Amino acid sequence: MDFSKLAELLFPKSTSTPEEIEARFPVRTLPENACVTRIGPSPTGFVHLGNLYNAVIGERIAHQSGGVFYLRIEDTDSKREVEGAVETLIRAMNYFGVSFDEGAAADGDNGIYGPYRQSRRREIYHVFAKKLVREGLAYPCFLTEDEINAIREQQTANKENPGIYGKYAEKSRSLTIEQIKENIDAGMEWVLRYRGVMTDEYISVEDAVRGRLEMPGNNMDFVLLKSDGIPTYHFAHVVDDHLMRSTHVIRGEEWISSLPMHIELFNALGWKAPIYCHTATLMKLENGGKRKLSKRKDPELALSYYQQEGISPDAVWEFLLTLLNSNYEEWRIAHPEADYREFPYSFKEMSISGALVDMDKLKSISKDVIGRMSAQRIYDEWLGWCRQYNEKFAGLITKYPEKTLAAINVGRNAAKPRKDIESWKQACDFMSFYYDETFTLCDEMSEQCSDEALRKAFFAKYIESYCHDDDQAVWFDKVKAITEKLGFAVKPKDFKKNPDQYKGSIVHITNMLRIALTGRANAPDIREVSHVLGEETVRMRLDMWK
RNA sequence: GGCCCGUUGGUCAAGAGGUCAAGACAUCGCCCUUUCACGGCGGGGACAUGGGUUCGAUUCCCGUACGGGUCACCA
């Protein structure tokens, strides 16, 4: 068979040479050891945690080495593509603080290695497809779906591996050029298949996170180009990551099993394969077992979930970093004030088994992250979130900017600052008592204070003696005096020792006060809160009880 | 089913051929404290399993079980 003739027959319109294409994608000039990484999401409209997970790795690896991190849209499956998905994806990545040096952008492309949407690189793939045909490494296949199904059934019955390979590929492989031309002229659809070689040899690949991976070499005649001329993932990956000069391919572990195909393709095209980094799958705990996060059942898989919940992007990053690099938490403890970008990310510290998405852990990290933020930053980020998800609260924040800032600062400047806020959504709930518009009574007063006469007596006395400008000591002395007068223990320990001698302790009294002022038992220091509320509000809330 | 990957407390995890198997989250107790937090101290809780190799294995090898992935003209 004259393969050159076949190549011309199959790709008459493809006139560029591989060399010309190579010249269009020059080797990058970068510092030594700089890494070039990317994410290659499919525009399905659903942006999930896994996308961010791999983006975090790629971004860190590239940027900490002075390299390049880019976005490539893998839209080779038109059936799954959703309108506007690319914009959604870019917006989500931006929201979570992932910045690309180059790649697909909402309004086109940014960078010279484009196009960055695979659907627009058809001609490029065809040049290399044609080269493979010319070298006898690829051939057109006219097998119909039914024929393939029939083969698979036969293979299943014979307990053989399913697929088009070896003798099962003979029918298509042995077509003469005349027969191929006839088929094409008759309008038959065809795909381009790689000509696999039956082999017992194993391939050995050094994975950056898993170490040496050994598996049987490829013998499949897998599809390179689909009948619409668009490449499969396998072919597009090899061509693009070579031309775009990726040094590291970071992707989920579900790709490990197709690694032999990719290695074979790199070899066939005479290219050096990138360093592969197969990451662990994100898992979820259910009924005592772990399972892969599912798009349908688990809202927390969607990136939008974290946005809606108001988890700060920084917290999500830190959470992912603790999952990704086992020494991250240690590093954070040693460098409490450092930016997470200063952390030296390493493949060596990556976990191989599937990590569980643990909301408790996320919340704990989030409290720390927000605890470290400046009040102004909290204000800005919280307000930004409210503008999108809680208009009413956005209104309150902007209506009372100073009060809000003061409220955020309550208890934060102490030696052991409070960590009350775990998300912007929860902040709206936690901070609601500061505003008259949202103030509500959430908690009941303790039973020691259930007596109405006692309650009235306390509030009457408190209001009477209340002086807004009292300092902490004077103010608390007054509280103690009233406590004593009402027959409550001033020292909680005294009450603990002799519960019969008192009606209760100062704990119950302050708890009553706190609920009156904030509507809840869980709130920061009463006097500090009072000063944020202002005298008028304080008196108003107290008057309700006298 | 074939092939591949994995298995240390509830979760994330460190770990070396050989003292009581780190740490974090969660949980419980105590302390601090005018509440709640924050913080501090402490408790409970783990090397899937059977064989080897070895003086000795959680660590190395083989098998088994379990979990996961993949076997498309989807990525």
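Just above, that's the structure.
On a predicted model such as this, the values are computed, not experimentally measured, just so you know.

**Some remarks on the overall build of chain A**
Okay, step 1: Counting secondary structure elements, chain A contains 24 helices and 13 strands.
Okay, step 2: Dimensions of chain A, computed from the C-alpha atoms along their principal axes, are close to 110 × 50 × 45 Å.
Okay, step 3: Burial statistics for chain A: of 546 residues in total, 53% are counted as buried.
Okay, step 4: Contacts in chain A between residues at least 24 apart in sequence constitute 73% of all its contacts with a sequence separation of at least 6.
Okay, step 5: Across chain A, the 72 positively charged side chains and the 83 negatively charged ones have centroids separated by 3 Å.

**With respect to helix H4 (residues 85–95)**
Okay, step 1: Here H4 has its buried residues at Ala-85, Val-86, Leu-89, Ile-90, Ala-92 and Met-93. For H4, the arc enclosing every buried residue in end-on projection is 160 degrees, short of the 170-degree limit, so these residues lie on one face.
Okay, step 2: In this structure, the buried side of H4 is in contact with strand E1 (36–39), helix H3 (49–64), strand E2 (68–71), strand E3 (102–105) and helix H11 (303–309).
Okay, step 3: Gly-97 lies just past H4 and shows a positive phi near 75 degrees.

**Comments concerning the protein's contact with RNA strand B**
Okay, step 1: Lys-226, Glu-329, Arg-418, Gln-472 and Arg-514 are the nearest of the 61 residues found near RNA strand B.
Okay, step 2: Sugar plus phosphate: this is where 69% of the atoms of RNA strand B within 4 Å of the protein reside.
Okay, step 3: Asp-77 places a polar side-chain atom, nitrogen or oxygen, 3.0 Å from a sugar or linking oxygen of RNA strand B.
Okay, step 4: Contributions of two or more residues to the surface near RNA strand B are made by strand E6 (191–194), strand E8 (211–216), strand E13 (289–292), helix H13 (328–334), helix H14 (359–372), helix H20 (472–485) and helix H22 (506–518).
Okay, step 5: A total of five residues in the surface near RNA strand B trace back to one element, the largest contributor, which is H22.
Okay, step 6: Counted by class, the surface near RNA strand B contains 23 nonpolar, 14 polar and 24 charged residues.

**A closer look at the sheet that holds E1**
Okay, step 1: Ordered by their spatial adjacency, four strands build an open sheet running E1-E2-E3-E4, and the pairing between neighbours is mixed. Of all the strands in the sheet, just E1 and strand E4 (108–110) have a single pairing partner and so form its edges. The sheet shows a mean angle of 20 degrees between the axes of neighbouring strands, taken without regard to direction.
Okay, step 2: Where E1 and E2 come together, four bridges link them in parallel fashion. Residue pairing for E2: Thr-37 is matched across the bridge by Phe-69.

Cut-offs used in this document
- Residues numbered from 1 in each chain as written.
- Chains lettered and ligands numbered in written order.
- Predicted model: local features only at pLDDT ≥ 70, side-chain atom pairs only at ≥ 80, totals over all residues.
- Heavy atoms only, no water.
- Helix = DSSP H or I, 4+ residues; strand = E, 2+ residues; numbered from the N terminus.
- Buried < 20%, exposed > 50% of the residue type's maximum accessible area, 1.4 Å probe, protein only.
- Contact = heavy atoms within 4.5 Å.
- Lys, Arg positive; Asp, Glu negative; His and termini not counted.
- Charge placed at Lys NZ, Arg CZ, Asp CG, Glu CD.
- Arc of directions from axis to C-beta.
- Near = heavy atom within 4 Å.
- Polar contact = N/O pair within 3.5 Å; in protein donor to acceptor, adjacent residues only side chain to side chain.
- Nonpolar A, V, L, I, M, F, W, Y, C, P; charged D, E, K, R; others polar.
- Pairing = 2+ DSSP bridges.
- Axes fitted to C-alpha atoms, helices over the stretch in contact; angles between N-to-C directions.

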